[in-house]
Amino acid sequence: MAHESGRVKTQFDFHPSPGNHIIWYGRTWIRVERTREKQMVDLHTGTPWESVTFTALGRNRQIFFNILQEARELALKQEEGRTVMYTAMGGEWRPFGFPRRRRPLSSVVLEAGVGEKIVDDVKEFIGNPKWYTDRGQNSQVLAPHFQEVVGIDISECQLAEARAVPGYPNITYRKGTAEDLPFPDGSVDLLTAASAAHWFDQSRFLTEASRVLKPRGCMALLGYSDTNMRFHYQDCGERLNHIFQEKGCPFELAVDVGCGSGQGTVLLAKHFTSVVGTDVSPAQVEVALQNAKEQNITYRQCVAEELPFSDSSVDLMTAMSAFHWFDRPRFLQEAHRVLKPRGCLALLNYTTIDMELSYPDCCSHSLNEICKEFYVALQPYRSPHLGRSSIELYREAYESISYPDKEWQECMLVERSMPLSSYMGLVESFSSYQALLRDDPQKASRLSQGICQRLMSIMKVTSVETEVVVAVKYFYLLACKPQEA
Ligand SMILES: C[S@@+](CC[C@H](N)C(=O)[O-])C[C@H]1O[C@@H](n2cnc3c(N)ncnc32)[C@H](O)[C@@H]1O
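Residue numbers restart at each chain and count upward from 1, following the sequence in its written direction. For a predicted model such as this one, the threshold for reporting local features is a pLDDT of at least 70, and the threshold for listing and counting side-chain atom pairs is 80 or more; totals across whole chains, interfaces and linings nevertheless cover every residue. Each side-chain value is derived from all of the structure's non-hydrogen atoms; neither hydrogens nor water enter the calculation.

- If you look the protein chain up in an unreviewed UniProt entry, it shows as Mitochondrial chaperone BCS1 BCS1-like protein from Larimichthys crocea.

1. Description of the overall build of the protein chain
Line of reasoning, step 1. In this description a helix means any DSSP run of H or I spanning at least four residues, a strand means any run of E spanning at least two, and both kinds are numbered starting from the N terminus. Of the regular secondary structure elements, the protein chain holds 14 helices and 18 strands.
Line of reasoning, step 2. In the protein chain, which comprises 485 residues, the proportion classed as buried is 42%.
Line of reasoning, step 3. Across the protein chain, contacts joining residues at least 24 apart in sequence account for 68% of those joining residues at least 6 apart. Three exposure classes are used, based on accessible area relative to the maximum for each residue type with a 1.4 Å probe and protein chains only: buried under 20%, partly exposed in between, and exposed over 50%. When checking whether two residues touch, look at their non-hydrogen atoms; a contact exists if any pair is within 4.5 Å.

2. Quick look at the sheet that holds strand β18 (residues 467-480)
Line of reasoning, step 1. For two strands to count as paired, DSSP must find a minimum of two bridges between them. Reading across the sheet, the seven strands line up as β14-β13-β12-β15-β16-β18-β17 and stay open at both edges, with mixed pairing between neighbours. Each of the sheet's edge strands pairs with one partner strand only, and the pair in question is β14 (297-301) and β17 (405-419). Shown here is a sheet whose adjacent strand axes are inclined to one another by a mean of 20 degrees, direction ignored.
Line of reasoning, step 2. Sheet analysis places strand β13 (residues 274-279) next to β14, joined by five bridges and oriented parallel. For V276, the partnering residue across the bridge sits in β14 and is T298.
Line of reasoning, step 3. Sheet strands in contact with helix α11 (residues 390-400) are β16 (339-358), β17 and β18, and its direction is about 155 degrees off that of β17. Whenever a helix is involved, its axis is fitted only over the stretch in contact; in every case the axis is a line through C-alpha atoms, and angles between N-to-C directions fall within 0 to 180 degrees.

3. Side note on the environment of R454
Line of reasoning, step 1. One can find R454 in helix α14 (residues 441-459).
Line of reasoning, step 2. Linking R454 and L367, residues 87 residues apart in sequence, is a C-alpha distance of 8.6 Å.
Line of reasoning, step 3. Excluding anything up to four places from it in sequence, R454 contacts I370 and E373.

4. Concerning the site of the ligand
Line of reasoning, step 1. For this description, a residue counts as near a given molecule or strand if any of its non-hydrogen atoms is within 4 Å of it. Around the ligand, the structure places 18 residues, and the nearest of them are G258, Q263, D279, A304 and M320.
Line of reasoning, step 2. Pairs of N or O atoms are called polar contacts if they sit within 3.5 Å, as long as, within protein, a hydrogen donor faces a hydrogen acceptor (for residues adjacent in sequence, only side-chain-to-side-chain pairs). Here a nitrogen atom of the ligand sits 2.8 Å away from a polar atom, N or O, in the main chain of G258.
Line of reasoning, step 3. Measuring from a nitrogen atom of the ligand, one finds a backbone N or O atom of A304 at 2.9 Å.
Line of reasoning, step 4. Contact with the protein chains removes 80% of the 600 Å² of surface that the ligand exposes when unbound.
Line of reasoning, step 5. Gly is put with the polar residues, along with every residue not named as nonpolar or charged; the nonpolar set is Ala, Val, Leu, Ile, Met, Phe, Trp, Tyr, Cys and Pro, and the charged set is Asp, Glu, Lys and Arg. For the shell around the ligand, the per-class residue count stands at nine nonpolar, seven polar and two charged. To be clear on the numbers: accessible area is Shrake-Rupley with a 1.4 Å probe, and residue cover counts the displayed protein chains and nothing else.

5. Considering the sheet that holds strand β1 (residues 19-25)
Line of reasoning, step 1. Within the open sheet, the three strands sit side by side as β1-β2-β3. Their pairing is antiparallel. Lying at the two open borders of the sheet, with one neighbouring strand each, are β1 and β3 (50-56). Taking the axes of each pair of neighbouring strands and ignoring which way they run, one obtains an average angle of 25 degrees across the sheet.
Line of reasoning, step 2. The pairing of strand β2 (residues 28-36) with β3 spans seven bridges and is classified as antiparallel.

Right under this line is the structure:
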């Protein structure tokens, strides 16, 4: 492959495809089974879409730990000598994209003095850990109010820093995980997680919380929001949990309108006595029924604008990547009719034209210019029903809703690693690509193959199964029907 500079470099990648493989490792034959449940990554739930199962004959279980340890070391080695980029997600900073090669500060084009100011700022920050740990640390805030406070964290490093702060004799810090708390049943008065709960396995954490809390004990999950901050999808789950807690249990009925295959509907099952997924398409309802495992979910075929529920009967109504297809004013009226007083409407979607790719040592700008060309080529095939951008439709709906208790989040970044083929599959599932495919199948496949080839050429890879990181921007609106409406 020729670089822009003219340098030629050839690199081959071999990726074991999904299926069965036999490998020789640690003097043992091991069968590696790579299976994919679906072609596309589940962006709603973040559910791993691929499983890798190792099978070996013999008694030595250590061999599996060795493989994982070696894989971890290899992955860490990739970061050696490189800079890991972080992005703000909710109240946390998370690695973003692949680690980039280090470069001298002098090679970054900045206005005079800006680079030096940043370096001074960072040095000052690193030089004052106590100043930061003394301020607003959650466990320390709790100390005056309880006989005993225990801080739990998975990271030894964080614990060591917390322990180093003097003056809190009633606080102890222990290593542990949120999903497996080191406390007996019914022993905790207050369980808090400050800017942390979105990291947890939420269903296991909530089960663990109800185990350790005393009767009348309280749980407080805190986060903070800023409209300019990028949000992770789990923040939305956290926000919903928070709403559920505010409203008080039990929650009887959730309805997911335009449920498609039910991949979002299943998320609601653990919070409600019953969940109903509805869709206008009999084929989609059929797929959802085939996927259905949860006992409390049922599916019905009906239009979003005429729902088969009585007035004031629904606690939560969701529409995930579907509201933009509805007759929106009629749907909003229907939602108002069926929601209980204090019932909640949640509409979610993501922006398709902002989906971005990254790949190690590869110019993201060049990659994303090609992605943009793809989106622009599909733009004429976009349904007129959707207008120029769906975010505007949702914002309009948000503004038209007269409920005083409502919330609008515009940018919640979700990053997933997936093979390039899955990214292509994702774009090919857009209604605009499907419209082009119906109109001119050859043009559609030429466009998609051409884009894929060009992306591979920039990435300097030969396999469409090469993993890339895809960043998707979600947005959502929440609105709570007033008690008197
Ligand atoms: C992009 S899919 C989203 C499916 C699912 N919510 C998800 O997130 O995977 C949109 C769904 O809305 C459904 N839909 C479109 N218009 C509808 C309407 N007026 N009433 C009910 N469902 C509708 C379509 O059949 C489709 O299954």
